[in-house]
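# Per-entry structural report
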Amino acid sequence: MPSPSKPLSPRRRRFLQDTARMAGGCVAAGSLLAYLARDARALQAEALRPPGALPEENFLSACVRCGLCVRACPYDTLKLAELGMAAAATGTPYFTARETPCEMCDDIPCVAACPTGALDKGLTNIDDARMGIAVLVDQENCLNFLGLRCDVCYRVCPVIDEAISLELSHNARSGHHAIFAPTVHADRCTGCGVCEKACVLPEAAIKVLPARLARSSAAEHYRKGWEEKEAKGAPVVEGIIDLPDRLPGPGTDNLAAPGGFEPAFKLPGAGQ
Amino acid sequence: MSARTHDPVGREAIEVKGWFGAHRYLLLRRFSQVFFLVLFLLGPWLGLWIVQGTLAASLTLGILPLTDPFILLQGVVGGHRAELSALIGGLIVLVSYSLIGGRVYCAWVCPINPVTDAANWLHRRLDLPKGWQPMRSTRLWVLATVLIVSALTGTIAWEVINPITMLHRGLVFGMGFVWMMVAAIFLFDLIVSRHGWCGHVCPVGAFYGLVGHKSLLRVSAANRAACNNCMDCYAVCPENQVISPALTGKPGSTPLILSPDCTNCGRCIDVCAVDVFAFTHRFNDHINEPADPIPAQNPQAT
Ligand code: SF4
Ligand code: SF4
Ligand code: SF4
Ligand code: SF4
């Protein structure tokens, strides 16, 4: 240990000063860089990543921004984000559904071209891609919701009847027509954006959003009673007292009453 | 005002070797820089896909993968295990530069080099003051900082601002606001700090310097006995601290420029009227004896 009374030699003193100054500068510059690097993670909602892209927080350490995926795409769907002009971290690949959607190539050339695995080679079936989720964001302008039969988004969907279906309901406005509501099923929608591109409105009523915006999540402890009951094959809570219900169905005036209906379920022991 | 005490840099060499002789490596270098750029541009411009991608990662003729090892390294410390293709590409680049000199990348390939060279040319033309000259080790500190930030943020941190890949990507894919970045570097080198960017700041250059620590291809001042102290080599060398140990070393010291900072640009070879410098390999530390007018002294001559 150097004795505290002995002064540092000028060279040593200078070295320590330089080192301290450099370290200070690096902490300042590094903080700024860290801020910029983290800021770059804020992927805007309209920028969709190519099929198989790792989650955004992993993507930015994986993608070297070479553009090989862009070159591989036969439909010129993908673009590299230009500095200061695009919705994604500079140089990273993205596409805008309303401009050019992903055509869901069977051989997924973009994934095959990626040298780093930023686009995961584990994606072998394009139907498993999850680039985003289509959401019918504006029911008030969607022509089908107005009672017309536009159906365009439904018809163009490459995963028609699985990712999107038309769900019938009563058209209360006219009183005697149906509404064919385009309904997206998130577990099958790839987020290709073909529906958003095809929507006939000047501004699409159906839009592909990143999952973080498109989806909610149910609380861990929620259980659907009817599913539990079916799984168990018996009521979940035992010994529950079954009070007499006023049930719709035969023997009541329910069917005769306006709006009366036959229930879709059968309670055990009811209606005999 | 600084008084001009000698001829314009390189005048003597031009007189002795002719203009082309005195600009040989400079011309070769510009040719190489244009060549590598055009290789990437043939695809997007003419549909001739010899090379796809950018300097960050590319695929040549559909089989040869090349990856920038520094970007790869940031990805690794950022937490991503790259796939084989990128790793092979990175290894090829790493081995190549460790043989021919890491900073050969700087002098012969990097698209920012013509920008900083131009800034330096104008700087000398206008006879501007040196400006801010931080320690040479600054870029190593920047390099370390970049790696730490990559690790902490889980990103490839330098790619957020790397002007090299931005300019290259800009030319190959679309510029955006990249021109501003390039202009900023030009002005930084012109006004704030001579040789500021490439000589002091750029962590990519620092990284390649480390890669080329033991490179085979080196410049040697083998003919240093002929040096007439015109100082032109110091004036043209972007890293002129590397010259002294080789040129003015004690008798018996190696004439090789062994510093990894040397970019192997060969400009010192061009600009020397008496041909002190030459490219050679790192094991050739032969020194030419002072020129002797009497050839009969050579014992091999019979
Ligand atoms: S799947 Fe096909 S259309 Fe979609 S991004 Fe990849 S290459 Fe382009
Ligand atoms: S090919 Fe992979 S690494 Fe290259 S830009 Fe596309 S996603 Fe990024
Ligand atoms: S984004 Fe639209 S077209 Fe594509 S799969 Fe989903 S619903 Fe179908
Ligand atoms: S120091 Fe950096 S910017 Fe300069 S030539 Fe080398 S790699 Fe390019």
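So, how was this worked out
- Residues numbered from 1 in each chain as written.
- Chains lettered and ligands numbered in written order.
- Predicted model: local features only at pLDDT ≥ 70, side-chain atom pairs only at ≥ 80, totals over all residues.
- Heavy atoms only, no water.
- UniProt positions renumbered as here; feature names shortened; annotations may be inferred.
- Helix = DSSP H or I, 4+ residues; strand = E, 2+ residues; numbered from the N terminus.
- Near = heavy atom within 4 Å.
- Nonpolar A, V, L, I, M, F, W, Y, C, P; charged D, E, K, R; others polar.
- Core = buried A, V, L, I, M, F, W, Y, C linked by side-chain atoms within 4.5 Å.
- Buried < 20%, exposed > 50% of the residue type's maximum accessible area, 1.4 Å probe, protein only.
- Contact = heavy atoms within 4.5 Å.
- Pairing = 2+ DSSP bridges.
- Axes fitted to C-alpha atoms, helices over the stretch in contact; angles between N-to-C directions.
- Phe/Tyr/Trp six-rings, centres within 6.5 Å; stacked < 30°, edge-to-face > 60°.
- Lys NZ or Arg CZ within 6 Å of the ring centre and 35° of its normal.

A separate point is the UniProt feature "transmembrane region" (unreviewed entry) in chain B. All names here are of chain B. Mapped onto this numbering, the UniProt entry annotates "transmembrane region" (unreviewed entry) at residues 34–64, 84–106, 140–158 and 170–192. Summarising residues 84–106: 87% helix, 0% strand, and an end-to-end C-alpha distance of 26 Å. With 74% helix and 0% strand, residues 140–158 has its two end C-alpha atoms placed 14 Å apart.

In this section: the site of ligand 3. The environment of ligand 3 is formed by 13 residues, the closest being C157, C189, C192, G193 and C195 of chain A. Among the residues forming the shell around ligand 3, the class breakdown is 10 nonpolar, three polar and no charged.

Turning to the nonpolar core, a few remarks are in order. Among the nonpolar cores identified, the biggest contains 110 residues, and Y105 and F277 of chain B are the most heavily contacted of them. With near-sequence residues (within four places) excluded, F277 of chain B lies in contact with V219, S220, A221, C233, I243, L247, I257, C268, I269 and C272 of chain B. With seven residues, the next largest nonpolar core counts V64, C66 and L68 of chain A together with A56 of chain B among its residues.

This brings us to the sheet that holds strand β1 (residues 51–53) of chain B. All names here are of chain B. Here we have three strands laid out as an open sheet, ordered β1-β2-β3, and antiparallel in their pairing. Edge positions in the open sheet fall to β1 and β3 (64–67), since each of these has one partner strand only. For this sheet the average axis-to-axis angle between neighbouring strands, irrespective of direction, equals 20°.

Now for the packing of aromatic side chains. Counted according to the given criterion, the structure contains 11 aromatic pairs over all chains. Centroid distance F31 of chain B to F35 of chain B: 6.3 Å. Interplanar angle 20°. Geometry classified as stacked. Taken together, the positions of F31 of chain B and F35 of chain B, both in helix α2 (residues 24–46) and four residues apart, correspond to about one turn of that helix. Look at Y105 of chain B and Y208 of chain B: their rings are 4.4 Å apart centre to centre, the planes differ by 20°, and that puts the pair in the stacked class. Taken as a pair, Y105 of chain B in helix α5 (residues 104–109) and Y208 of chain B in helix α11 (residues 203–211) lie far apart in primary sequence, 103 residues in all. Across the pair, Y208 of chain B and Y105 of chain B agree in class, each one buried. By way of ring pairs, the aromatic residues F70, Y97, Y105, F207 and Y208 of chain B are connected into one cluster. The aromatic ring of F180 of chain A is capped on one face by R149 of chain A, whose charged end is 3.6 Å from the ring centroid.

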